[in-house]
Number of protein chains: 2
Amino acid sequence: MRKKVLDVAEEAFQARGYHASSMGDLMATAGVTGGALHHHFPTKKALALAVIEERVAAAVEETWIAPMRMAPSAREGVRSVFAAVAAELEQQGFVRGCPLNNLAHELSLADPDFRIALAGIFSTWRQAIADKISADQQAGRELGADPQRFAALAVASYSGAMSMAKTAQDASVLRDCLMALEQGVMSSKAGTRRRSRILHRAL
Amino acid sequence: MRKKVLDVAEEAFQARGYHASSMGDLMATAGVTGGALHHHFPTKKALALAVIEERVAAAVEETWIAPMRMAPSAREGVRSVFAAVAAELEQQGFVRGCPLNNLAHELSLADPDFRIALAGIFSTWRQAIADKISADQQAGRELGADPQRFAALAVASYSGAMSMAKTAQDASVLRDCLMALEQGVMSSKAGTRRRSRILHRAL
DNA sequence: TGTAAAACAGGATGACTGTCCTGTTTTGGA
DNA sequence: TCCAAAACAGGACAGTCATCCTGTTTTACA
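Residues numbered from 1 in each chain as written. Chains lettered and ligands numbered in written order. Predicted model: local features only at pLDDT ≥ 70, side-chain atom pairs only at ≥ 80, totals over all residues. Heavy atoms only, no water.

**Student:** Quick rundown of the overall build of chain A? Include the residues and the values.
**Tutor:** The number of helices and strands found in chain A is ten helices and zero strands. For chain A, the α and β elements follow one another from N to C terminus as α-α-α-α-α-α-α-α-α-α. Of all 203 residues assigned to chain A, the portion counted as buried reaches 53%. Taking the intrachain contacts of chain A between residues at least 6 apart in sequence as the baseline, contacts between residues at least 24 apart amount to 70%. Split by element, the accessible area of chain A, about 8600 Å² in all, is 53% carbon and sulfur. (Helix = DSSP H or I, 4+ residues; strand = E, 2+ residues; numbered from the N terminus. Buried < 20%, exposed > 50% of the residue type's maximum accessible area, 1.4 Å probe, protein only. Contact = heavy atoms within 4.5 Å. Areas by Shrake-Rupley, 256 points an atom, 1.4 Å probe, with all protein chains shown as cover.)

**Student:** For the interface of chain A and chain B, give the residues involved together with the corresponding values.
**Tutor:** In this assembly, 59 residues from chain A lie in contact with 58 residues from chain B. In total, about 5100 Å² of surface goes out of reach between chain A and chain B, with carbon and sulfur atoms giving 68% of it. In this structure, Asp176 of chain B engages Arg126 of chain A in a salt bridge whose closest nitrogen and oxygen atoms are separated by 2.8 Å. Scanning the region where chain A abuts chain B turns up 15 residue pairs in polar contact (both at pLDDT 80 or more). Mapped by element, the contributors of at least two residues to the side of chain A that touches chain B are helix 1 (2-15), helix 5 (74-92), helix 6 (99-107), helix 7 (112-138), helix 8 (147-168), helix 9 (172-183) and helix 10 (193-202) of chain A. Looking at the side of chain A that touches chain B, the element that brings in the most residues is helix 8 of chain A, giving 15 residues. Tallied by class, the residues present in the side of chain A that touches chain B amount to 28 nonpolar, 19 polar and twelve charged. (Buried area = accessible area lost by both parts, 1.4 Å probe. Salt bridge = Lys/Arg side-chain N within 4 Å of Asp/Glu carboxyl O. Polar contact = N/O pair within 3.5 Å; in protein donor to acceptor, adjacent residues only side chain to side chain. Nonpolar A, V, L, I, M, F, W, Y, C, P; charged D, E, K, R; others polar.)

**Student:** Residue-level account of the protein's contact with DNA strand C, with values.
**Tutor:** Around DNA strand C, the surrounding shell holds 13 residues, and the nearest of these are Thr33, His39 and His40 of chain A together with Met23 and Lys44 of chain B. Each atom of DNA strand C within 4 Å of the protein was classed as base or backbone; sugar and phosphate made up 78%. Here a base oxygen of DNA strand C sits 3.2 Å away from a polar atom, N or O, in the main chain of Gly35 of chain A. Contacts to DNA strand C include Met23 of chain B, whose backbone N or O atom sits 2.6 Å from a phosphate oxygen. Examining the composition of the surface near DNA strand C, we find that five residues originate from one element, helix 3 (residues 34-40) of chain A, more than from any other. For the surface near DNA strand C, the class distribution of residues is three nonpolar, nine polar and one charged. (Near = heavy atom within 4 Å.)

**Student:** Summarise the protein's contact with DNA strand D; cite the residues concerned and give the values.
**Tutor:** The environment of DNA strand D is formed by 14 residues, the closest being Met23 and Lys44 of chain A together with Thr33, His39 and His40 of chain B. Within 4 Å of the protein, atoms of DNA strand D come from sugar and phosphate in 78% of cases. Lys44 of chain A places a polar side-chain atom, nitrogen or oxygen, 2.7 Å from a phosphate oxygen of DNA strand D. Here a phosphate oxygen of DNA strand D and a side-chain polar atom of Thr33 of chain B are 2.7 Å apart. Secondary-structure elements contributing two or more residues to the surface near DNA strand D are helix 2 (23-30) of chain A together with helix 3 (34-40) of chain B. At five residues, the largest contribution of residues to the surface near DNA strand D is made by helix 3 of chain B.

**Student:** Any details on the relation of the copies chain A and chain B? Residues and values, ideally.
**Tutor:** Superposition of chain A onto chain B requires a rotation of 180 degrees combined with a translation of 0.0 Å along the rotation axis, giving an RMSD of 0.0 Å. Both chain copies can therefore be described as sitting about a two-fold axis. Both copies contact each other with a shared surface, as 98% of the interface residues of chain A are interface residues in chain B too. (Least-squares fit on C-alpha atoms with pLDDT ≥ 70 in both.)

**Student:** Which residues make up the pattern of salt bridges, and what values go with them?
**Tutor:** All names here are of chain A. In the structure shown here, the tally under the stated rule is 24 salt bridges over all chains. For Glu10, the salt bridge identified is with Arg55, shortest N-O distance 3.0 Å. Here Arg55 lies in helix 4 (residues 44-70) and Glu10 lies in helix 1, a separation of 45 residues in the sequence. Glu10 sits in the partly exposed class, given a relative accessible area of 29%. Residue classification places Arg55 among the buried residues on the basis of a relative accessible area of 17%. For Arg96, the salt bridge identified is with Glu11, shortest N-O distance 2.9 Å. Here the residue Arg96 occupies a position in the loop between helix 5 and helix 6, and Glu11 occupies one in helix 1, the gap between them amounting to 85 residues. Arg96 gets classed as partly exposed once you look at its relative accessible area, which sits at 25%. For Glu11, a relative accessible area of 40% gives the class partly exposed. Connected through salt bridges with shared partners, the residues Lys3, Asp7, Glu10 and Arg55 form a single ionic network.

Here is the structure:
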């Protein structure tokens, strides 16, 4: 029952957003009564918090972190995730966007509890990529860039590309971004120490 | 009066979102009566559409497109915009996010009219960057990457970085992304034909 | 079997929502 | 000056919202 409610809420928050999803709709589509819902989740906020912590975090883990751990390298991991998501989106024909980003935009400023929960997911996501890059470097493999910075760029470009894909209802921008990353950042000979230091001072 | 309503609506949609902003609140803070508001904007949707077309588009033009046109090169333009936004956010102490992305996430799936209006802004934004890159290339300047792809990456990484910054309430991720871009994509010797072709086939 | 707690049913409630309607005032052109 | 149209005032309207309440059923354990 609790699981059923979470399933419906996850789907609804993803498809229509938090504010646009009414408790009445959730009750109806989940087939639960008001009392039952109120028993497991006293408030709408509690329900959303559970969705974030139990479902959104799991989705990021499944889509990004686990594939990243299993990939032969950070570069291959990023490439395979981008490609897999793009393929999946094109197959299903429409783009609902990234669950984390969808909720992050709507709820980050609405409530501090939401914001902290969402920020934590972003943080572990970025850290997982950074760890993989560090592991690559210690194993003597390429990618001379700073792990934290490249991880930030990977997360940001994916998130932004999903935003654009959702708005355009076209996943091809994901491939464009991946190719731009491949041609540049993820190539082994990228970057110069000189430029890096100049930039550091400029910022 | 119409301007006043748009001012308040722009601010409210940006700070609290579309669904979380009630017409009553807008009327109160704008100091207009229901009749006046209904005269200029028959429905809430019409008001939001006006905000998107008149204000959000203008914000993107002012923040990104105009600086991009005036920049000596695409690379310099991207760098200066990232740096300027990061500096502005750190000065004001909090991050409200990108107006376009905020509304895009909430409204893209809610209504086709919203989605098309927002997609158009994304498109002109991306095209402005791509045009600048093409101009650079025709002027014999560096940046061998595909203009459309790099433009997509610039928009996506900025949008995603703003999402992360908004969620973390910390603008430093913008600098991280810019540095990663600088070290990789925006360096003149980036990328290899070989890898590029392999990738093309894989996707 | 007995019993206390958890799980659930189903509706009541009051606040709030977006929209629209009927008047009144202001404006701009003839 | 006259008049039609635009601009605005102020509130009514029906509907929806999240929350909470009082009972009833099921479960878990002794």
